[in-house]
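Secondary and tertiary structure notes
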Amino acid sequence: MSANRVTIALLLVARLAWGSGVGTTGAASLKVAAGARPAALGGAFVGLADDANALFWNPAGLADIRDRQVGLMYTSYLVDTSYQLLSWAQPMPALGGGIAAAVYTLDYGSITLRDERPDGMYGPATGITAPREWYLTGGWGTPLPRFFGLDRLRAGVSLKLTFQPATIGEVMGLGATAGALLDTPVEGLRAGLVADNLGALTSGGATLPINFRFGGSYARPVTPQVKATVAADARYFLDIGFRANVGLEVVAFDLIALRGGWSSGGGDAAVTRAAVTRDSISGEGGPTLGIGVRSPAAWGQHHVRFGLDYALTTVGDLGSAHRIQLTVSL
């Protein structure tokens with residue numbers, strides 16, 4: 001591992017986002033996009049949120065869950081890191097709407113520890129560390145009662161726990177997310193609003209990366225067999241300011257989907273940028289691409305259906321991240 005890569009990796013583990021100054025929030029890894037489909041859409045998913053990935057983007061979308069779903073995602077990430085996710089969602093008629101839960105982890109791999117000399121160079125190896133961050137989250141989304149036209153509105157909440165390594169020992173964080181999703185009178189047009197990561201670390205007093213999002217999506221058939229959806233959202237992070245995201249998805253025969261998008265930053269690059277500079281977590285942003293395939297029909301009497309999604313996101317000079325996600329609907 002080169003000296004530059006060691007520097008970035010060690011800074012990642014040190015979590016400079018816990019310090020003081022502009023752009024200093026804890027658990028910066030919460031900005032990493034969860035879900036291959038939303039990532040391929042440039043992170044523009046707040047006003048769409050129509051599958052189990054809603055747990056991470058807008059929990060109000062869980063109100064429309066119709067099948068029990070299990071998801072597995074693997075991400076080949078930056079600086080020899082990887083990101084894994086296991087999720088579960090199902091309708092819950094007794095509560096109204098649907099519920100979901102997930103466990104995910106950011107693995108930094110094996111990192112060689114070296115002391116920095118006064119001349120800025122690195123000395124011999126002093127040890128090896130293999131840090132890993134863990135996250136737990138659960139959420140519920142439900143349609144509102146049919147009063148004053150509120151049946152078009154869904155609401156949702158989620159709670160999350162974070163566990164991160166630090167020199168003082170493991171640091172825990174606790175946060176909440178609240179969201180709303182509206183099916184407008186215009187067919188195919190949805191709008192969403194989210195307050196995300198409302199919480200703080202239990203040690204040090206740093207807040208989580210609190211942000212507020214507003215987004216919309218519009219879906220319409222192009223032909224009887226082809227459907228197109230465009231999505232866009234704007235976000236305001238307390239530490240990095242405004243960001244924008246747009247995405248386009250074209251689904252043919254309910255079997256294959258092509259996706260593309262663009263993000264102005266603050267997503268994938270946020271973790272590394274948080275480590276590289278104390279003063280901003282600007283993120284490089286850039287274009288995103290993806291593809292998804294679904295099994296052509298339910299299998300057997302249990303109506304099992306499989307989905308596989310892939311996303312490529314760019315992170316400026318740091319390269320790219322690759323996500324692959326398997327979803328089983330029961």
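Before going into details, it helps to say that this report is about the structure given with it.

Moving on: the nonpolar core. Ranked by size, the top nonpolar core spans 41 residues in total, and within it Phe56, Tyr83, Leu85 and Tyr104 carry the most contacts. Those elements giving two or more residues to this core turn out to be helix 2 (36–40), helix 3 (54–57), strand 2 (82–91), strand 3 (98–107) and strand 8 (171–183). Beyond its immediate chain neighbours, meaning those up to four positions away, Phe56 contacts Ala34, Leu85, Ala102, Tyr104, Thr137 and Arg213.

What follows covers the packing of aromatic side chains. Centre-to-centre distance and the angle between the planes together describe a pair of aromatic rings. Tallied over the entire structure, the rule returns five aromatic pairs. Look at Phe45 and Trp57: their rings are 6.3 Å apart centre to centre, the planes differ by 70 degrees, and that puts the pair in the edge-to-face class. Pair noted here: Phe45 is in the loop between helix 2 and helix 3 and Trp57 is in helix 3, with a separation of twelve residues, a long-range link. For Phe45, a relative accessible area of 0% gives the class buried. Residue classification places Trp57 among the buried residues on the basis of a relative accessible area of 5%. Measuring from ring centre to ring centre gives 5.2 Å for Tyr104 and Tyr135, while their planes differ by 10 degrees; the resulting arrangement is stacked.

For the rest of this paragraph, the subject is unusual backbone geometry. One non-glycine residue with positive phi stands out, namely Ala49, at about 40 degrees. Position of Ala49 relative to the elements: it lies in the loop between helix 2 and helix 3. Residues other than glycine seldom take positive phi values, yet Phe253 does so here, at roughly 60 degrees. By the secondary structure assignment, Phe253 is in the loop between strand 12 (241–252) and strand 13 (256–263).

Criteria and thresholds
The residue count restarts for each chain, going from 1 along the sequence in the order it is written. The predicted origin of the model limits local features to residues at a pLDDT of at least 70 and limits the giving and counting of side-chain atom pairs to 80 or more, whereas totals for whole chains, interfaces and linings rest on all residues. To get the side-chain values, all heavy atoms of the structure are used, and hydrogens and water are removed first. Put simply, buried Ala, Val, Leu, Ile, Met, Phe, Trp, Tyr and Cys residues joined by side-chain atoms within 4.5 Å make one nonpolar core. With a 1.4 Å probe rolled over the protein chains alone, any residue whose accessible area is under 20% of its type maximum counts as buried; one over 50% counts as exposed, and the rest are partly exposed. Elements are defined by DSSP. Helices are runs of H or I of four residues or more, strands are runs of E of two residues or more, and each kind is numbered from the N terminus. Only heavy atoms enter the contact rule, under which two residues are in contact if any of them lie within 4.5 Å. Think of it this way: a Phe, Tyr or Trp ring, Trp meaning its six-membered ring, pairs with another when their centres are within 6.5 Å, and the plane angle makes it stacked under 30 degrees, edge-to-face over 60, tilted otherwise.

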